[in-house]
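# Close look at the chain arrangement
Listed below, chain by chain, are the residues.
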Amino acid sequence: MQNVNDLPMQEQQKYFDKFERWIETEFNGDESTADEQLKAGHVIFYENDVNPDELIREYPDGRREVVQTVVSEDNSSFEIVVVREL
């Protein structure tokens with residue numbers, strides 16, 4: 001598996017589009033604010049303000065992790081992998 005950021009830009013966009021569709025499906029198109037999503041028990045994802053190359057996953061209980069989107073060897077799927085806890 002490899003980090004999506006290591007792929008050519010055109011390939012990266014394909015997986016970011018899939019990731020966005022996954023988020024939209026997960027939350028049924030709910031456009032609530034991040035705070036409302038957390039209060040409703042949902043996990044949220046956002047870019048790190050200090051390091052925009054990092055993606056943060058935050059849980060309703062306040063735990064936060066830096067995560068990466070990695071693609072399978074055959075480029076057919078992706079998964080979210082924890083890089084470190086914050």
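For the structure, check the block above.
Quick summary incoming for the structure in this document.

Reading guide: rules and limits
- Residues numbered from 1 in each chain as written.
- Predicted model: local features only at pLDDT ≥ 70, side-chain atom pairs only at ≥ 80, totals over all residues.
- Heavy atoms only, no water.
- Helix = DSSP H or I, 4+ residues; strand = E, 2+ residues; numbered from the N terminus.
- Buried < 20%, exposed > 50% of the residue type's maximum accessible area, 1.4 Å probe, protein only.
- Contact = heavy atoms within 4.5 Å.
- Areas by Shrake-Rupley, 256 points an atom, 1.4 Å probe, with all protein chains shown as cover.
- Pairing = 2+ DSSP bridges.
- Salt bridge = Lys/Arg side-chain N within 4 Å of Asp/Glu carboxyl O.
- Polar contact = N/O pair within 3.5 Å; in protein donor to acceptor, adjacent residues only side chain to side chain.

### Let's talk about the overall build of the protein chain
- Check the secondary structure of the protein chain and you find two helices and five strands.
- Each helix and strand of the protein chain, ordered N terminal to C terminal, gives the series β-α-α-β-β-β-β.
- Scored against the burial criterion, the 86 residues of the protein chain give a buried share of 29%.
- At a minimum sequence separation of 6, the contacts of the protein chain that also span at least 24 residues come to 28%.
- Here the protein chain has roughly 6,000 Å² of accessible surface; of this, 45% comes from carbon and sulfur atoms.

### A word on the pairing of strand β5 (residues 78-85)
- Relative to β5, strand β4 (residues 64-71) runs antiparallel, the two sharing seven bridges. Within β5, the residue paired with V71 across the bridge is F78.

### Notes on the pattern of salt bridges
- Scanning the model with the defined rule gives three salt bridges in all.
- Across the salt bridge formed by E65 and R57, the nearest N and O atoms sit 2.9 Å from each other. In terms of burial, E65 and R57 fall into one category: buried.
- Where D61 meets R63, a salt bridge forms, and the shortest distance between an N and an O atom there is 2.9 Å.

### Digging into the environment of R63
- Tracing the backbone through its elements, the reader meets R63 in the loop between β3 (55-58) and β4.
- Classification of R63 as partly exposed rests on a relative accessible area of 44%.
- Taking the C-alpha atoms as reference, R63 lies 7.5 Å from L86; in sequence the two are 23 residues apart.
- Setting aside its immediate chain neighbours within four residues, R63 contacts R57 and E58.
- At 2.9 Å, the side chain of R63 forms a polar contact with the side chain of D61.

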